[in-house]
Amino acid sequence: MTDTHSQPTVIFDLDGTLLNTISDLGKACNHALSVSGMPTHPVADYHRMVGNGFRKLIERAAPPATLPETLDCLTRLSREYYDNHCMESTTPYPGIPALLEELQARGVKLAVASNKYQAAVDRIIRHYFPKIEFVSIEGQRYGRPIKPDPAILKSIMADNALSEARAIMVGDSTVDIETARKAGIPSIAVTWGFSPQQELMDAAPDHLVASPSQILPIVMKSR
């Protein structure tokens, strides 16, 4: 039997880290706003709204003082649209598929920890990375707090008997850096995602990388 405690584990964020999802996310929110008679946003503006789940995305996109029940409706509309259009423009970042395949070939355990709702995370990850055997694909679940609460990382580690001492978190936002810090594991911040580089630097990740190829030596050095 393989001793999972002796193997490194890399836990990836999804949006802005593995996949460029911003166009499909923006279209889903704009659809909900438009059919509700509210102003929409340029897709590029959604870079600064994502990262804390669909409900928070809608709160940021909707006009100020929008009633909670209206936000509920907008969230439902955007999710329904996203379910049907979530893979129209989404693409893996260059170098990500090759990185995942190489990490897997070297015996590194791989997992996903996202604030996107679970059904979408499952569908998207399995569609874009069918050759990767993730030990865990975790999204937002009812009753569990979202990142930066470390509960999702703790769950991944406990459910798969993985060692926190051999784990590292990869993400594109200060939310991911904070989540890793709260979980007591190192972080790798990536600059190709949705957050400005200076913002990431200010959050003091353990590593800052500009290319997926830079992740492999960091992970293998930790073995």
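So, here's what we can say about the structure. (Residues numbered from 1 in each chain as written. Predicted model: local features only at pLDDT ≥ 70, side-chain atom pairs only at ≥ 80, totals over all residues. Heavy atoms only, no water.)

### What about the sheet that holds strand β6 (residues 167–171)?
- Read across the open sheet, the six strands follow the order β5-β4-β1-β6-β7-β8; overall the sheet is parallel. Pairing within the sheet leaves two strands with one partner each, and these edge strands are β5 (136–140) and β8 (207–209). Neighbour-to-neighbour, the strand axes of this sheet turn through a mean angle of 20°, independent of strand direction.
- In the sheet, strand β4 (residues 109–117) pairs with β5 via four bridges, with the strands oriented parallel. (Pairing = 2+ DSSP bridges. Helix = DSSP H or I, 4+ residues; strand = E, 2+ residues; numbered from the N terminus. Axes fitted to C-alpha atoms, helices over the stretch in contact; angles between N-to-C directions.)

### Considerations on helix α2 (residues 54–61)
- Residues of α2 that are buried include every one of F54, L57, I58 and A61, and no others. For α2, the angular spread of the buried residues around the axis is 95°, confining them to a single face.
- Looking at the buried residues of α2, the elements they touch are α1 (22–35), α3 (68–85) and β4. (Buried < 20%, exposed > 50% of the residue type's maximum accessible area, 1.4 Å probe, protein only. Arc of directions from axis to C-beta. Contact = heavy atoms within 4.5 Å.)

### Section: unusual backbone geometry
- Residue P148 is bonded to the preceding K147 through a cis peptide linkage, with omega at 15°.
- Looking at where P148 falls in the secondary structure, it is placed in the loop between β5 and α6 (151–159).
- For A65, which is not a glycine, the phi torsion comes out positive at approximately 65°.
- Among the secondary structure elements, A65 is positioned in the loop between α2 and α3.
- With a phi angle near 55°, A204 is a residue other than glycine that sits in the positive phi range.
- Structurally, A204 is set in the loop between α8 (197–202) and β8.

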